[in-house]
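# An overview of the molecular structure
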Amino acid sequence: MSSSLEIAVRVGCYTVVFAGMALWEWFAPRRQLSVGRQPRWANNLGILAIDIITVRLLVPTTAVGVALIASERGWGLFPILGLPYWGALVGGIIALDFVIYIQHRLFHYLPALWRLHRMHHADLDIDVTTGVRFHPLEILLSLAIKIATVAVLGVPATAVLIFEVLLNATSMFNHSNVAIPQQLERIVRWIVVTPQMHQVHHSIERAETDSNFGFNLPWWDRLFGTYRANPKAGEDRMVVGLPIFREVAELNIIRMLTQPFRNNPVQRH
Ligand SMILES: [Zn+2]
Ligand SMILES: [Zn+2]
């Protein structure tokens, strides 16, 4: 697989899912936004641009590139176990999703990592652009963890590409402000993390912030006791964000980048 093909697939899927979710939000929103699209969209999409540029400048390869090297050299647990290709493909996708779940819990549990990750939680509304709002240092760390997992397990390159596309797509889906009929949503949340399920994770209540860590598969939260069906305050009355960084000025891109390094939020005047 050439790197230009990888980029084409990823950018293509990203754009289609983003546009689809943005349109769905526009025509059938679930919640009324408290701040709205401006200034959030420009700043959240600005962070996405910074993340892409940072990774391209600092990391000479992608997780898919590492998977190709690993398969050439026979690295990893999957080849040692003699797993058939389909086993390694499906096993690789599920294993990567589990690692991302563990990583997400660590980002909440370890104070230094929480400082990086809390920028994602400081958004005062949740919509499709919250799904791309991650601090560049968190993106770099997450990429390093993904690359290590791929090398240690020997995940096939196709599985890594599918996983990357899925993770981007489900992140945009489960942050989007879309209305899904309740009966359908109750079924879908057994298969994939839904917006109603992930919104609990963006509640201002810490116990609720520390639940529903999954991005793709909803099973890890149910297995490890971190699943919460609904926010205590109810879907419409749940307050989004963190107790710190409550002012609209904190949604500015420069302030977002400095949030991990300060505990002094902008004060209300
Ligand atoms: Zn989180
Ligand atoms: Zn989130």
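On a predicted model such as this, the values are computed, not experimentally measured, just so you know.

## Quick look at helix H3 (residues 63-73)
Counting along an α-helix, one turn takes 3.6 residues, and residues three or four places apart therefore face a common direction. Within the span of H3, buried status applies to Ala63, Val64, Gly65, Val66, Ala67 and Ala70. If you follow the buried residues of H3, they end up packed against helix H1 (3-27), helix H7 (136-153) and helix H8 (157-175). Glycine 74 lies just past H3 and shows a positive phi near 70 degrees.

## Let's talk about the coordination of the zinc ion (ligand 2)
Within the first shell, the zinc ion (ligand 2) binds the protein through His120 (NE2), His175 (NE2), His198 (NE2) and His202 (NE2), at distances of 2.1 Å. The metal-metal distance between the zinc ion (ligand 2) and the zinc ion (ligand 1) is 5.5 Å. Residue histidine 120 is located in helix H6 (residues 111-121), and its partner histidine 198 is located in helix H10 (residues 195-199); the two are separated by 78 residues in the primary sequence. Take histidine 120 and histidine 198: they sit in the same class, and that class is buried.

## Section: the packing of H3 against H8
Between H3 and H8, whose axes approach to 8 Å, the crossing angle comes to 165 degrees. Classified by the angle between their axes, H3 and H8 sit roughly antiparallel to one another. For the crossing formed where H3 meets H8, the hand is right-handed. Contacts from Ala63, Val64, Ala67 and Leu68 of H3 reach H8 at Ala157, Val160, Leu161 and Glu164. When its residues are assigned to classes, the contact of H3 with H8 shows seven nonpolar, no polar and one charged.

Rules of the game
- Residues numbered from 1 in each chain as written.
- Chains lettered and ligands numbered in written order.
- Predicted model: local features only at pLDDT ≥ 70, side-chain atom pairs only at ≥ 80, totals over all residues.
- Heavy atoms only, no water.
- Buried < 20%, exposed > 50% of the residue type's maximum accessible area, 1.4 Å probe, protein only.
- Helix = DSSP H or I, 4+ residues; strand = E, 2+ residues; numbered from the N terminus.
- Contact = heavy atoms within 4.5 Å.
- Donors = N, O, S within 2.8 Å, 3.2 Å for Na, K, Ca; no water.
- Axes fitted to C-alpha atoms, helices over the stretch in contact; angles between N-to-C directions.
- Parallel < 35°, antiparallel > 145°, perpendicular 65-115°, else oblique.
- Left-handed = near helix turned anticlockwise from the far one by under 90°.
- Nonpolar A, V, L, I, M, F, W, Y, C, P; charged D, E, K, R; others polar.

Note that all results are geometric; they support no functional claim without further evidence.
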